[in-house]
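Structure at a glance
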Amino acid sequence: MRWFGPFHIERQVGRGGLGAVFRAVDSRSGEAVALKMLPPGNDPLAAQRLAREFSALRQVAHPNIVRALDAGEENGIPWLAMEFIDGLGVREWLSVINDPVPLEPEPGEGAHGSEGVDLDVLFDEPDSGAMLAAARARSFLRVTSLEAALDEDEQKEANSPERLAALCEALAQICDGLAEIHGRGLVHRDLKPSNILVTPARRAILVDFGLLRRLSDDRVTDPGRVVGTYRYMAPEQAKNEAVDRRSDLYSLGATLYELLAGRPPFNEEQHYQLLQAVVGRKPPALHTLNPGAPQALCTLADRLLAKDPADRPGDAREVAMMLRGVGRRFSSGVN
């Protein structure tokens, strides 16, 4: 263990070229925090993003939005302290939802080893495959099948009433959080499965606001660059055009698609081809990849993934209502 300013660092939980995230204890409050630190000699743009993230989120208090607690600089290293969330990514959480006792890696164990999640991998968001992972030896195994439909066993697991009810409620909660930040004139710009954590109490929380943008800010914050995760970004974001709350709803649709189909809407490996697909092609129909997926959720995913923002649902509250309406049918055992 070591100290960084007022923080007693316990372990690293994430790493990447943009910096690292640690579980730490704030000696001033005794509270466990997720401490994001940029590397020495960091990109000034990265430091600006960190400051923007804290400035925008410091007044937000919502159960489905990660809390930003404090920010500063120590020995030339910018840092941001956030609420530490003891939970699983939504993909992994849904993969063990039917287990009697959900398995979670012990500190220093599991799929990511002692150094935590590779943030560069999360930023690139590689193809996730079927994502119907089984927790074996306290490590999540992922099955990759990017072209074929889910087989009978995979469909049975993906479409179990309990999993579908949990999926609907988790994404509805994320919509509740989106409604809060959208109401404050903010856009997340990087909504994807790895940025949704779910606690043991089934509270879904949207994290990583590093690409947050104010709708009222007409400055070019990333000149000449397409920012976000290509696989989940809206066509207008891929074209470096203006984004609004409907851009986040597209990303929510891409997430819903993946959690039903076991693969993202587009699986091209090269960035240029992937951007072309996002901008100009429709993804494979969900029912061809998961024939047993509920039609209501397939239709909702199609609407959210519309190329034209005007063809998407109007706001996150509307989507939350639709998700909860579908989820109630599965909670009551009616398909």
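Please refer to the structure placed before this passage.
Residue numbering note: each chain is counted from 1, following its sequence as written. Since the coordinates come from a predicted model, pLDDT governs what is reported: local features require at least 70, and pairs of side-chain atoms require 80 or more to be given and counted, while whole-chain, interface and lining totals use all residues. Only hydrogens and water are set aside; all other atoms, that is, all heavy atoms of the structure, feed into the side-chain values.

The relative placement of two packed helices comes down to the angle between their axes together with the axis-to-axis distance. Here helix 7 (residues 245-261) crosses helix 10 (residues 295-304) at 145°, and the two axes come no closer than 8 Å. Crossing of helix 7 against helix 10: the hand is left-handed. Between helix 7, through Leu 249, Tyr 250, Leu 252, Gly 253, Leu 256 and Leu 260, and helix 10, the contact on the second element is made entirely by Leu 297, Leu 300, Ala 301 and Leu 304. Throughout, an axis means a line fitted to C-alpha atoms (over the contacting stretch in the case of helices), and angles, computed between N-to-C directions, take values from 0 to 180 degrees. Comment: elements are numbered from the N terminus, with helices defined as DSSP H or I runs of at least four residues and strands as E runs of at least two. Less than a right angle of anticlockwise turn of the near helix away from the far helix marks a crossing as left-handed, whereas a clockwise turn marks it as right-handed. The criterion used for residue contact is that any of the two residues' heavy atoms lie within 4.5 Å.

Moving on, we come to the pattern of salt bridges. It is possible for side chains bearing opposite charge to pair when their charged atoms get close. When a carboxyl oxygen of Asp or Glu lies within 4 Å of a side-chain nitrogen of Lys or Arg, that pair is called a salt bridge. Across all of its chains, the model carries 18 salt bridges by this definition. For Arg 324, the salt bridge identified is with Glu 169, shortest N-O distance 3.2 Å. Here Arg 324, found in helix 11 (residues 316-331), pairs with Glu 169, found in helix 5 (residues 161-183); they are 155 residues apart in sequence, far enough to count as distant. For Lys 192, the salt bridge is made with Asp 190, and the minimal N-O distance between the two is 3.7 Å. Via salt bridges that share partners, Glu 31, Arg 67, Glu 83 and Arg 203 belong to a single interconnected network.

Turning next to helix 7. Residue count minus one, scaled by 1.5 Å, sets the expected span of a helix. Here helix 7 is 17 residues long and its end C-alpha atoms lie 25 Å apart, about the 24 Å a rise of 1.5 Å per residue gives. Residue exposure (1.4 Å probe, protein chains only): buried if accessible area is under 20% of the type maximum, exposed if over 50%, otherwise partly exposed. Of all 17 residues that make up helix 7, 15 are buried, and the element is covered over most of its length. Within two residues after helix 7, Gly 262 carries a phi angle of roughly 80°, on the positive side.

The relation between two aromatic rings is expressed through the spacing of the ring centres and the mutual angle of the planes. We call Phe, Tyr and Trp rings a pair once their centres come within 6.5 Å, taking the six-membered ring for Trp, and we label the pair stacked below 30 degrees between planes, edge-to-face above 60, and tilted otherwise. Counted under the stated rule, the structure contains one aromatic pair. Ring geometry for Phe 7 versus Trp 79: centroids 4.9 Å apart, planes at 75°, classification edge-to-face. Linking Phe 7 in strand 2 (residues 7-16) with Trp 79 in strand 6 (residues 77-83), this pair joins segments that are 72 residues apart in sequence. We count a charge as sitting over a ring when the NZ of a lysine or the CZ of an arginine lies within 6 Å of the ring centre and within 35 degrees of the ring normal. When the ring centre of Phe 22 is taken as reference, the NZ or CZ atom of Arg 2 above it lies at 5.5 Å.

So, about the packing of helix 5 against helix 7. Where helix 5 contacts helix 7, the two axes come as close as 11 Å, and the packing angle between them is 165°. Here helix 5 lies roughly antiparallel to helix 7, going by the angle between them. Considering only the axes of helix 5 and helix 7, their crossing is right-handed. The segment helix 5 lies against helix 7, with Arg 163, Leu 164, Leu 167, Leu 171, Ile 174, Cys 175, Leu 178 and His 182 engaging Arg 245, Asp 248, Leu 249, Leu 252, Thr 255, Leu 256, Leu 259 and Leu 260. Orientation categories follow fixed angle ranges, with anything under 35 degrees roughly parallel, anything over 145 roughly antiparallel, 65 to 115 roughly perpendicular, and all other angles oblique.

Let's shift gears to helix 8 (residues 271-280). Restricting attention to buried positions, one finds in helix 8 the residues Leu 274, Leu 275, Ala 277 and Val 278. Along helix 8, the residues classed as buried sweep out an arc of 160° about the axis, all on the same side. For helix 8, the exposed residues lying more than 90 degrees away from the buried face are Tyr 272 and Gly 280. Against helix 6 (235-238) and helix 7 lie the buried residues of helix 8. In this description, the arc belongs to the directions extending from the helix axis to the C-beta atoms.

Across the chain, the bulk of peptide bonds are trans and the bulk of non-glycine residues have phi less than zero. If you check the backbone angles, Arg 189 has positive phi at about 75° while not being a glycine. Assignment of secondary structure puts Arg 189 in the loop between strand 11 (186-187) and strand 12 (196-198). One non-glycine residue, Arg 202, lies in the positive phi region at around 65°. Structurally, Arg 202 can be placed in the loop between strand 12 and strand 13 (204-206). Exposure remark for Arg 202: the relative accessible area of 40% places this residue in the partly exposed category.

This part is about the pairing of strand 5 (residues 68-74). Here a strand pair is declared whenever DSSP counts at least two bridges between the two strands. Across six bridges, the pairing between strand 5 and strand 6 is antiparallel. When the bridges of strand 6 are listed, Glu 73 appears paired with Pro 78. Remark: two residues form the turn of the hairpin made by strand 5 and strand 6, two consecutive strands paired antiparallel; Asn 75 in that turn has positive phi of roughly 55°.

The subject of this paragraph is the environment of Leu 256. On the secondary structure map, Leu 256 appears in helix 7. Residues Leu 256 and Leu 167, spaced 89 residues apart in sequence, show a C-alpha to C-alpha distance of 8.4 Å. Those residues in contact with Leu 256 that lie beyond four places of it in its chain are Leu 167, Leu 171, Leu 297, Leu 300, Ala 301 and Leu 304.

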